[in-house]
Amino acid sequence: MKGKFNMDKNDEVAQDVCTDMLQVSIRQFRYRLKKEYWPKIKNLTLEQAYLKKPDHVEEKSWKELVKRWFDEKYQVHKRYSFQ
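The residue numbering used here restarts from 1 in each chain and proceeds along that chain's sequence as written. Predicted model: local features are reported for residues with pLDDT of at least 70 only, side-chain atom pairs are reported and counted for 80 or more only, and whole-chain, interface and lining totals are derived from all residues. Side-chain metrics in this entry use all non-hydrogen atoms of the structure; hydrogen atoms and water are not considered.

Draft legend 1. Fine view of the overall build of the protein. Helix and strand labels come from DSSP, where a helix needs a run of H or I of at least four residues and a strand needs a run of E of at least two; each type is numbered from the N terminus. From N to C terminus, the protein includes three helices and zero strands. Traced from its N-terminal end to its C-terminal end, the protein shows the element sequence α-α-α. Each residue is placed in one exposure class: buried if its accessible area under a 1.4 Å probe, protein chains only, is under 20% of its type's maximum, exposed if it is over 50%, and partly exposed if it falls in between. Here the protein holds 83 residues, and 14% of them are scored as buried. Contacts are residue-level and defined by heavy atoms, with any inter-residue pair within 4.5 Å sufficient. In the protein, the share of contacts with a sequence separation of at least 24, taken over all contacts with a separation of at least 6, comes to 42%. Per-residue accessibility takes into account occlusion by the displayed protein chains alone, with areas from the Shrake-Rupley method and a 1.4 Å probe. Summed over its atoms, the accessible surface of the protein is roughly 8000 Å², and 52% of this surface lies on carbon and sulfur atoms.

Structure representation (structure tokens):
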């Protein structure tokens with residue numbers, strides 16, 4: 001079984017695939033955090049929202065996410081038309 005999963009760590013394709021998988025996982029994690037926590041913090045001040053940090057999230061990462069969520073630039077929803 002182990003032979004099926006041998007991978008050359010220096011192979012560019014393998015590195016690209018692993019990078020893509022990690023990026024998708026991180027994006028999904030941030031999406032789920034926002035889905036769960038944005039309704040709870042959207043009416044708070046930035047400083048109050050920082051205090052609502054989940055236990056499983058690093059403080060620095062939480063502050064960066066909350067800062068982004070509160071930024072008006074990121075609150076604009078674009079509508080796409082598929083005509």
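Draft legend 2. Just the pattern of salt bridges, in detail. For salt bridges, the criterion is a side-chain nitrogen of Lys or Arg within 4 Å of an Asp or Glu carboxyl oxygen. On inspection of all chains with the given rule, the structure shows two salt bridges. Two residues, Glu36 and Lys40, come together in a salt bridge whose shortest N-O distance is 3.9 Å. Of this pair, Glu36 and Lys40 both sit in helix 1 (residues 12–41), separated by four residues, roughly a single helical turn. Overall, Glu36 belongs to the partly exposed group, its relative accessible area being 43%. Among the residues examined, Lys40 registers a relative accessible area of 52% and is labelled exposed. A salt bridge links Lys63 to Glu59, with the shortest nitrogen-to-oxygen separation between them at 3.4 Å. In this pair, Lys63 and Glu59 are both assigned in helix 3 (residues 59–70), four residues apart and thus about one turn of the helix distant. Relative accessible area serves as the criterion here: at 34%, Lys63 is assigned to the partly exposed category.

Draft legend 3. Structural detail: the confidence of the model for the protein. Overall, the predicted model of the protein reaches an average pLDDT of 87, with 88% of residues at or above 70. The weakest mean pLDDT in the protein belongs to helix 1 at 92; the strongest belongs to helix 2 (residues 46–50) at 96. pLDDT expresses how confident the predictor is about each individual residue, on a scale running from 0 to 100.

Draft legend 4. A look at a nonpolar patch on the surface. Only residues whose relative accessible area exceeds 30% and that form no salt bridge enter a patch; like-charged residues are grouped when within 9 Å of one another, and nonpolar side chains (Val, Leu, Ile, Met, Phe, Trp, Tyr) when within 5 Å. Residues Val13, Val17 and Met21 make up a contiguous nonpolar surface patch of about 290 Å² in total accessible area. With respect to the element layout, Val13 can be found in helix 1.

Draft legend 5. Broad picture of the packing of aromatic side chains. When the centres of two rings from Phe, Tyr and Trp lie within 6.5 Å, Trp using its six-membered ring, the rings pair. Their planes under 30 degrees apart give stacked, over 60 give edge-to-face, and anything left gives tilted. As enumerated under the stated definition, the model contains four aromatic pairs in all. Ring geometry for Trp38 versus Phe70: centroids 5.4 Å apart, planes at 80°, classification edge-to-face. Taken together, the positions of Trp38 in helix 1 and Phe70 in helix 3 put the pair 32 residues apart, joining distant regions of the chain. Taking 5.6 Å as the distance between ring centres and 90° as the angle between the ring planes, the aromatic pair formed by Trp62 and Trp69 counts as edge-to-face. Just as Trp62 is buried, Trp69 falls in that class too. Members of the aromatic cluster, joined through ring pairs, are Tyr37, Trp38, Trp62, Trp69 and Phe70. Throughout this description, the term charge over a ring refers to an Arg CZ or Lys NZ atom that lies within 6 Å of the ring centre and within 35 degrees of the ring normal. The ring of Trp38 has Lys34 lying over it, and the distance from NZ or CZ to the ring centre is 5.8 Å.

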